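# Residue-level structure breakdown
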Amino acid sequence: MVRSLAAPVDASGDGARAARRLVLPSHTLRYRLRRARERFGVDLDDPDTRLLITSAVRLSG
């Protein structure tokens, strides 16, 4: 899930490019992001959230 959240951040908000990097159909990535927002309140438009996600990906190796 962390990689699904980080991909759009790394792709500067380009969902299609993020989906290609994850080797997923773009509708699957949109679904994952929507579920993360619904279940966990993850807002990728928030700069603090983007920073936390980027840090989590780097720490996870």
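To be clear, the structure that these remarks concern was listed above.
How each quantity is defined
Residues numbered from 1 in each chain as written. Predicted model: local features only at pLDDT ≥ 70, side-chain atom pairs only at ≥ 80, totals over all residues. Heavy atoms only, no water. Salt bridge = Lys/Arg side-chain N within 4 Å of Asp/Glu carboxyl O. Helix = DSSP H or I, 4+ residues; strand = E, 2+ residues; numbered from the N terminus. Buried < 20%, exposed > 50% of the residue type's maximum accessible area, 1.4 Å probe, protein only. Axes fitted to C-alpha atoms, helices over the stretch in contact; angles between N-to-C directions. Parallel < 35°, antiparallel > 145°, perpendicular 65-115°, else oblique. Left-handed = near helix turned anticlockwise from the far one by under 90°. Contact = heavy atoms within 4.5 Å. Nonpolar A, V, L, I, M, F, W, Y, C, P; charged D, E, K, R; others polar. Expected span 1.5 Å × (residues − 1). Arc of directions from axis to C-beta.

Attention now moves to the pattern of salt bridges. A full pass over the atoms with the stated rule returns three salt bridges. For R34, the salt bridge identified is with E38, shortest N-O distance 3.9 Å. Residue R34 and its partner E38 are located together in helix α3 (residues 26–40), separated by four residues, close to a single helical turn. Overall, the relative accessible area of 43% leaves R34 in the partly exposed class. Among the ionic pairs, R37 bridges to D43, the shortest N-O distance being 4.0 Å. Given a relative accessible area of 46%, R37 falls into the partly exposed group. In this structure D43 comes out as partly exposed when scored by relative accessible area, which is 32%.

Our focus in this paragraph is the packing of helix α1 (residues 2–10) against helix α4 (residues 47–60). Interhelical geometry of α1 versus α4 gives an angle of 120 degrees and a closest axis separation of 9 Å. Compared by their axis directions, α1 and α4 come out oblique. Judged by the sense of rotation from one axis to the other, the crossing of α1 with α4 is left-handed. Contacts from V2, R3, L5, A6 and V9 in α1 reach R50, I53, T54, A56, V57 and S60 in α4. Of the residues in the contact of α1 with α4, the class split is seven nonpolar, two polar and two charged.

With that settled, the discussion passes to α4. Between the first and last C-alpha of α4 there are 20 Å, a value that for 14 residues agrees with the 20 Å anticipated at 1.5 Å per step. Those residues of α4 not exposed but buried are T49, I53, T54 and V57. The buried residues of α4 occupy one face: seen down the axis, they fall within an arc of 135 degrees. Seen from the buried face of α4, the exposed residues on the opposite side, beyond 90 degrees, are P47, D48, L51, L52, R58 and L59. Those residues of α4 hidden inside the fold are in contact with α1.

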